[in-house]
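Each chain, written out:
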Amino acid sequence: MTVGCYIRVSTSRQKHDSQRAEIQRWLDGNGIRPDQIVWYADKESGTTMQRPEFDRLQRDIFDGKVKTVVLWKLDRLSRRLKDGVNTLAAWCERGVKIVVVTQQIELNGPVGRMIAALLLGLGEIELEYRRERQMAGIAVAKRNGVYMGRRKGTTKKTPDRARELRDKGLTSAEIATALGVSQRTVFRYIGLGMDGGGIKTAKIGPALPEKATEHTQG
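Computed from a predicted model, the values in this text were never measured in an experiment.

Caption draft 1: Main features of the nonpolar core. Counting residues in each nonpolar core, the largest one holds 19 residues, and the members touching the most others are Leu57, Val69, Leu71, Trp91 and Ile98. Mapped by element, the contributors of at least two residues to this core are helix H2 (52-62), strand E3 (66-71), helix H3 (81-93), strand E4 (97-100) and strand E5 (105-107). Setting aside residues no more than four positions away along its own chain, Leu71 makes contact with Tyr6, Ile23, Leu77, Ile98, Val99, Val100 and Val101. Ranked by size, the runner-up nonpolar core spans 13 residues in total, among them Val3, Cys5, Trp39 and Val99.

So this is what it looks like as structure tokens:
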């Protein structure tokens, strides 16, 4: 029996390392040998199902080569409720066992599909909420006359830009949402401790915890 381990990050700049490590611990704890394992690693957004390694996993499932799929977190499969539920339903109908290691669940049968639908729905809500927070931060930056958008040939998450926004009086939360990063990352860009070190820390809304590199991954 082959165990398919699927991991995904959203961009080419992100890494799979933490996902791979968590899954490997589960594999080792369950006595699964390396020769039983096939890894599938995508660097694509979870809002699309057109991913090369996911397509390879699908082929192996439908060819009967993979009977167990291990995921780091359910939203690695899809960020869209409909796509995720349809995929899980198709896998379950073929007798595939789905294990989600960080959420400590195994998805089999109708109860498993119901739990999966709930988790995928929550993941979709989280994605939309993150986008709303980012748009709110951009709106604040525009009102303060400091939003310039992404300059050609640069990334939008730069330490220089974070320091520039700080000098113009934005709070740490406003800088974080304007740049699409966490407050922890803002403090790191500016070279400050987690106490804020002189940055105002008033929040626009409840801050989400920073995720591992891959998971912020949409």
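Caption draft 2: Focus on the pattern of salt bridges. Going through the model one piece at a time under the given rule, you end up with 9 salt bridges. For Glu53, the salt bridge identified is with Arg56, shortest N-O distance 2.7 Å. With a gap of 3 residues between them, Glu53 and Arg56 both fall in helix H2, about one helical turn apart. The class of Arg56 is partly exposed, set by a relative accessible area of 26%. In this structure, a network of salt bridges that share partners links the residues Lys73, Asp75, Arg76 and Arg79.

Caption draft 3: The pairing of E4, seen in detail. Relative to E4, E3 runs parallel, the two sharing 4 bridges. Paired with Leu71 across the bridge in E4 is Val100. Between the parallel pair E3 and E4, the chain is carried across by H3, and the sense of this crossover is right-handed. Between the antiparallel neighbours E4 and E5 lie 4 residues, among them Gln104 with a positive phi of about 50°.

Calculation criteria
- Residues numbered from 1 in each chain as written.
- Predicted model: local features only at pLDDT ≥ 70, side-chain atom pairs only at ≥ 80, totals over all residues.
- Heavy atoms only, no water.
- Core = buried A, V, L, I, M, F, W, Y, C linked by side-chain atoms within 4.5 Å.
- Buried < 20%, exposed > 50% of the residue type's maximum accessible area, 1.4 Å probe, protein only.
- Helix = DSSP H or I, 4+ residues; strand = E, 2+ residues; numbered from the N terminus.
- Contact = heavy atoms within 4.5 Å.
- Salt bridge = Lys/Arg side-chain N within 4 Å of Asp/Glu carboxyl O.
- Pairing = 2+ DSSP bridges.
- Right-handed = clockwise from strand over helix to strand, strands pointing away.

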